[in-house]
Amino acid sequence: MDMPKWIQSWPVYQQLTGADSLGRGKAAQSSRSAGLTPRTAEADHIAHSVCPFCAVGCAQQVYVTAGQVVQIEGNPDSPISRGRLCPKGSASKQLVTGPQRVTTVRYRAPYGTEWQELDLDTAMEMVADRVLDARRKGWQDFDADRNTLRRTMGIASLGGATLDNEENYLIKKLFTALGALQIENQARI
């Protein structure tokens, strides 16, 4: 008896009549799933990153197509996570592409009563200008005995527990280069 073509392509029929009796290979694959390709197959390039959620430092591969992040997966070459990510790490793509991502900053000018929306670039320029201004105003070249200081008392840093080791390292380097002395982290306090 000759079976119709649609029955022969049915995964259950292939499982029962073929070599894949457990249904773990081609027998369990429908024609639709056979035609699917992973989102990562068309990526222009892969950027290597670290998961931002905790201090474990799980390595990630960020797949980018046409300047847009299309997928984030664990890096199998990582000796820390060996390609695995926790549920938060697996969902980290939403940090960059999610519709809930905030792309503006709420700003209230000194003595102002109303908030205004600023784009992120403008806000970052304002922060940089203020850091440099505070550094300049608090700068000390020498103390009263003419000992060289080269420091500023106008800025300080207090990091939080969500920062990983690499971020804390870079913050420490940045604020030290700016001449700040008060560089702390919430985890040490």
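Bear in mind that the values here come from a model prediction, so they are computed numbers and not experimental data.

### Regarding the environment of proline 38
1) Next: If you trace the backbone, proline 38 turns up in the loop between helix H3 (31-34) and strand E1 (45-50).
2) Next: For the pair formed by proline 38 and glutamine 71, sequence separation is 33 residues and the distance between their alpha carbons is 9.6 Å.

### Considerations on the packing of aromatic side chains
1) Next: Across all of its chains, the model carries 0 aromatic pairs by this definition.
2) Next: Above the plane of the ring of tryptophan 115 lies arginine 108, whose end atom (NZ or CZ) is 5.6 Å from the centre.
3) Next: Over the ring of phenylalanine 142 we find arginine 146, and its NZ or CZ is 4.0 Å from the ring centre.

### Topic: the state of the cysteines
1) Next: Under the counting rule described, the total for this entry stands at 0 disulfides.
2) Next: With no disulfide of its own, cysteine 51 lies 5.6 Å from the sulfur of cysteine 86, the closest cysteine sulfur.
3) Next: Here cysteine 51 falls in the buried class, since its relative accessible area comes to 6%.
4) Next: According to the relative accessible area criterion, cysteine 86 is partly exposed, its value standing at 39%.

### Focus: helix H7 (residues 165-178)
1) Next: For H7, which comprises 14 residues, the first-to-last C-alpha distance of 20 Å matches the rise-based estimate of 20 Å (1.5 Å per residue) to within 8%.
2) Next: Looking at the residues trailing H7, positive phi occurs at glycine 179, about 95 degrees.

### What to know about the domain arrangement of the chain
1) Next: Domain annotation for the chain reports domain 1 (45-97) and domain 2 (136-188).
2) Next: Counting from both sides, the interface comprises 5 residues of domain 1 and, opposite them, 4 residues of domain 2.
3) Next: Of the roughly 320 Å² buried between domain 1 and domain 2 on both sides combined, carbon and sulfur atoms contribute 43%.
4) Next: When the buried surface of domain 1 facing domain 2 is broken down by residue, Val50, Pro52 and Ala55 rank first, second and third, together holding 72% of it.
5) Next: Our count for the contact surface shared by domain 1 and domain 2 stands at 0 salt bridges.
6) Next: Inspection of the domain 1/domain 2 interface yields 0 residue pairs in polar contact (both at pLDDT 80 or more).
7) Next: Residue classes in the side of domain 1 that touches domain 2 are distributed as 5 nonpolar, no polar and no charged.

Definitions and limits used
Every chain is numbered on its own, with residues counted from 1 as its sequence reads. Reporting of local features is limited, given that this is a predicted model, to residues whose pLDDT is at least 70; pairs of side-chain atoms are given and counted only at 80 or more, and all residues count toward the totals for whole chains, interfaces and linings. Side-chain descriptors were evaluated using all non-hydrogen atoms of the structure, hydrogens and water having been removed beforehand. Strands here mean DSSP runs of E at least two residues long; helices mean DSSP runs of H or I at least four residues long; both are numbered from the N terminus. Only rings of Phe, Tyr and Trp enter the pairing, Trp through its six-membered ring, and a pair is recorded when the two centres are within 6.5 Å. The plane angle decides the type: under 30 degrees is stacked, over 60 is edge-to-face, the rest tilted. Each ring is checked for a lysine NZ or an arginine CZ that lies within 6 Å of its centre and within 35 degrees of its normal; such an atom marks a charge sitting over the ring. Any pair of cysteine sulfurs within 2.5 Å is marked as a disulfide. Buried, partly exposed and exposed residues are distinguished by accessible area as a fraction of the type maximum, computed with a 1.4 Å probe on protein chains only: under 20%, between the cut-offs, and over 50%, respectively. One less than the number of residues in a helix, times 1.5 Å, gives the span that helix is expected to have. Boundaries of every domain are those given by an automatic assignment or by a domain database. Residues count as neighbours in contact if any of their non-hydrogen atoms are within 4.5 Å of one another. Summed over both partners, the accessible surface that disappears when two parts come together, traced with a 1.4 Å probe, is what is meant by buried area. Between Lys or Arg on one side and Asp or Glu on the other, a salt bridge is scored when a side-chain nitrogen of the former is within 4 Å of a carboxyl oxygen of the latter. As used in this structure description, the phrase polar contact means that two N or O atoms lie within 3.5 Å; if the pair is within protein, one of them must be able to donate a hydrogen and the other to accept it, and residues adjacent in sequence are counted only when both atoms belong to side chains. Under the scheme applied, nonpolar residues are Ala, Val, Leu, Ile, Met, Phe, Trp, Tyr, Cys and Pro; charged residues are Asp, Glu, Lys and Arg; polar residues are all the others, including Gly.

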